[in-house]
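# Overview (structure and organization)
Chain by chain, the residues run as shown.
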Amino acid sequence: MEKQKQHSILFFFLIAGFFFLFFANISLGSINIPFKEIFQSLSGGTASKSTWEYIIINYRLPKAITVVLVGIGLSISGLLMQTLFRNPLAGPYVLGLSSGASLGVAFAILGASLLPSFLQEIVLSSYGIVLASTLGSSAVLLAVILISIRLRDTMSILIIGLMFGSLSSAIVGTLSFFSTAEQLQKFTFWSLGNLGNLSWTSIYILGICVTVGLLLSLASIKALNALLLGENYARSLGLNYQKSRLIIIFSTSILAGSITAFAGPIAFIGLAVPHIAKLVFQSSNHRILFWGSLLFGAIIMLICDTISQVPGGEITLPINAVTSIFGAPIVIWLLVRKQKMVG
C-alpha cells in the first residue's frame, strides 16, 4: 500500500511537470513569449501581439505536440524491445527499422540526381522524404515479420534485425561515397533529426500512428509481465507466445517507423527512458512502467527540445546531439546511485 502511494505521488509530479514543460517549450526560444499569452492564445482568445499569435499557432504548438509524440512513441517502443529480448541494450531501432528508413532516404536524396528534374522535385520534397523513409522501414518490417513467423528463437530475430541494420548502413555508405557535398549535407541534416517542420496534416498522421502503436502496447501489458520470467514461463501461463511476440514487434514498428519517417532517427530516448522509469519507480510491473515511460519520455524530450532551441539565441542545435549529451550522464548517474544503494 505504501508503494502504491509513492507511485501515485510520483505520477502526480510527473503529470504536473509535463504540463509545465509543455508550456515552457512553447514559451522559450529566440523570442520569449509569456505563459499568460500562451494560455490566452490556446484557450480560444488571441495573444496581445499578432506576431506572438502566429508563432504559437503555426510554429511552436505543432512542434511541441511533435516532441511529445516522439518522446512517448520512442520510450514505449524501447520498453517493449527491452522486455521482449530481455536485453537492457535493446532500443526501438534494434529491428533495423531506422537503418531501413535511412536507406530509403539515402536512395531519395543521394540518388535523386539520376532522375528527371520534375521527379527530383517530388522525391526531394518533405512528403517525398517521408514516403522514402516509410518505404524503407516498411520493407525491413515486412522482412522481420515474415522471419519472426518462421523462427521460434527470439534472439535470432534480434540478430537478424542487427544484420539488416549493418546491410543498410553498408549500402548507405556506398551511396554516400558517390554523392556530392550538397547531397551529403542534406542527408546529414535529416539524420540529425528535425522536429520543427511538420504541417498539421503530418502531425495528425503521426498522432494516429502513435495512438495505434500505444493501444497495441497497452493490449500487450499482460504478455510483457509474463515474458519477464522467460518464454517457457509465459507459455505455462497459457500465453500464445507467437501471437504476443508478433503484436509487440508490430506495435514497435508502427511507433518507431512512423517517428523516423516524420522526424528522422532520434537517439537515446528509446534506449534510456525505460531504464529511468525502472530506476525511479523501482518496479518491473509494466502497468506502472508503461505510464512511467510514457511520461518520462514526453518530459525528457520536451527538456531536450527546449535546450536545443537555445532560449534567447538565434541558433537551433541538432536534437540528436542534445538528447545524447543531456541524457547519457543522467542514466550513468542513476545507475551508479542504484549500485551504491544496493552496496
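Numbering of residues begins from 1 in every chain and follows the order in which that chain's sequence is written. Per-residue local features are limited, in this predicted model, to residues with pLDDT of at least 70; the limit for side-chain atom pairs, both in listing and counting, is 80 or more; totals at the level of whole chains, interfaces and linings are taken over all residues. Hydrogens and water are ignored here; the side-chain numbers use all heavy atoms of the structure.

### A few points about unusual backbone geometry
Look at Arg 86: it is not a glycine, yet its phi comes out positive at around 50°. Here a strand is any run of E in DSSP of at least two residues, a helix any run of H or I of at least four, and the numbering for each starts at the N terminus. Position of Arg 86 among the secondary structure elements: in the loop between α3 (50-84) and α4 (97-110). Note on exposure labels: buried denotes an accessible area under 20% of the residue type's maximum, exposed denotes more than 50%, and partly exposed covers the range between, all computed with a 1.4 Å probe on protein chains only. Judged by relative accessible area, which is 54%, Arg 86 ranks as exposed.

### Comments concerning helix α9 (residues 200-219)
Every helix has an expected span of 1.5 Å times one less than the residues it contains. Helix length check: α9, at 20 residues, gives a terminal C-alpha distance of 28 Å against a target of 28 Å (1.5 Å per residue), a fit within 8%. The inward-facing, buried residues of α9 abut α3, α6 (126-150), α10 (221-227), α12 (241-263) and α14 (286-308). Whether two residues are in contact is decided by their heavy atoms, any of which lying within 4.5 Å being enough.

### Section: the packing of helix α1 (residues 2-27) against α3
Helix packing for two helices is described by the angle between their axes and how far apart those axes are. One way to put it is that α1 packs onto α3 with a least axis distance of 9 Å and a crossing angle of 140°. Comparing the axis directions of α1 and α3 gives the class oblique. At the point where α1 passes α3, the crossing takes the right-handed sense. Mapping the contact onto sequence places Phe 18, Phe 22, Asn 25, Ile 26 and Ser 27 in α1 and Ile 56, Arg 60, Leu 61, Ala 64, Ile 65 and Val 68 in α3. Just so you know the grouping, Ala, Val, Leu, Ile, Met, Phe, Trp, Tyr, Cys and Pro go in nonpolar, Asp, Glu, Lys and Arg go in charged, and all remaining residues, Gly too, go in polar. Looking at side-chain class alone, the contact of α1 with α3 contains eight nonpolar, two polar and one charged residues. Throughout, an axis means a line fitted to C-alpha atoms (over the contacting stretch in the case of helices), and angles, computed between N-to-C directions, take values from 0 to 180 degrees. Should an angle fall under 35 degrees it is taken as roughly parallel, and over 145 as roughly antiparallel, whereas 65 to 115 is taken as roughly perpendicular and any remaining angle as oblique. For any helix crossing, the convention is left-handed if the near helix is rotated counterclockwise from the far helix by under a right angle, and right-handed if that rotation is clockwise.

### Some remarks on the packing of aromatic side chains
The criterion for an aromatic pair is that two Phe, Tyr or Trp rings (for Trp, the six-membered ring) have centres within 6.5 Å, with stacked assigned to planes under 30 degrees apart, edge-to-face to planes over 60 apart and tilted to the rest. Summed over the entire model, instances satisfying the criterion amount to 14 aromatic pairs. Taking 5.6 Å as the distance between ring centres and 75° as the angle between the ring planes, the aromatic pair formed by Phe 12 and Phe 13 counts as edge-to-face. By relative accessible area, Phe 12 is classed as exposed at 57%. Judged by centre distance (6.1 Å) and plane angle (40°), the rings of Phe 18 and Phe 22 are tilted. With a gap of four residues between them, Phe 18 and Phe 22 both fall in helix α1, about one helical turn apart. For Phe 18, a relative accessible area of 16% corresponds to the buried category.

### Observations concerning the side chain of Ser 179
For Ser 179, the position within the fold is in the loop between α7 (154-177) and α8 (181-191). Owing to a relative accessible area of 13%, Ser 179 belongs among the buried residues under this scheme. A polar contact of 2.6 Å, which involves the side chain of Ser 179, links it to the backbone oxygen of Leu 175. Any pair of N or O atoms that falls within 3.5 Å is considered a polar contact. Within protein, one atom must be able to donate a hydrogen and the other to accept it, and sequence-neighbouring residues count only if both atoms are side-chain atoms.

### Brief notes about the nonpolar core
Nine residue types can take part in a nonpolar core, namely buried Ala, Val, Leu, Ile, Met, Phe, Trp, Tyr and Cys, and a core is a set of them joined through side-chain atoms within 4.5 Å. Phe 85 and Leu 95 are the most contacted members of the largest nonpolar core, which has 81 residues in total. No other element matches the 16 residues that α3 contributes to this core. The contacts of Phe 85, once residues within four sequence positions are left out, are Ala 90, Val 94, Leu 95, Thr 154, Met 155, Ile 157 and Leu 158. In terms of nonpolar packing, the next biggest core, distinct from the first, is built from twelve residues, Val 105, Ile 109, Leu 110 and Phe 187 among them.

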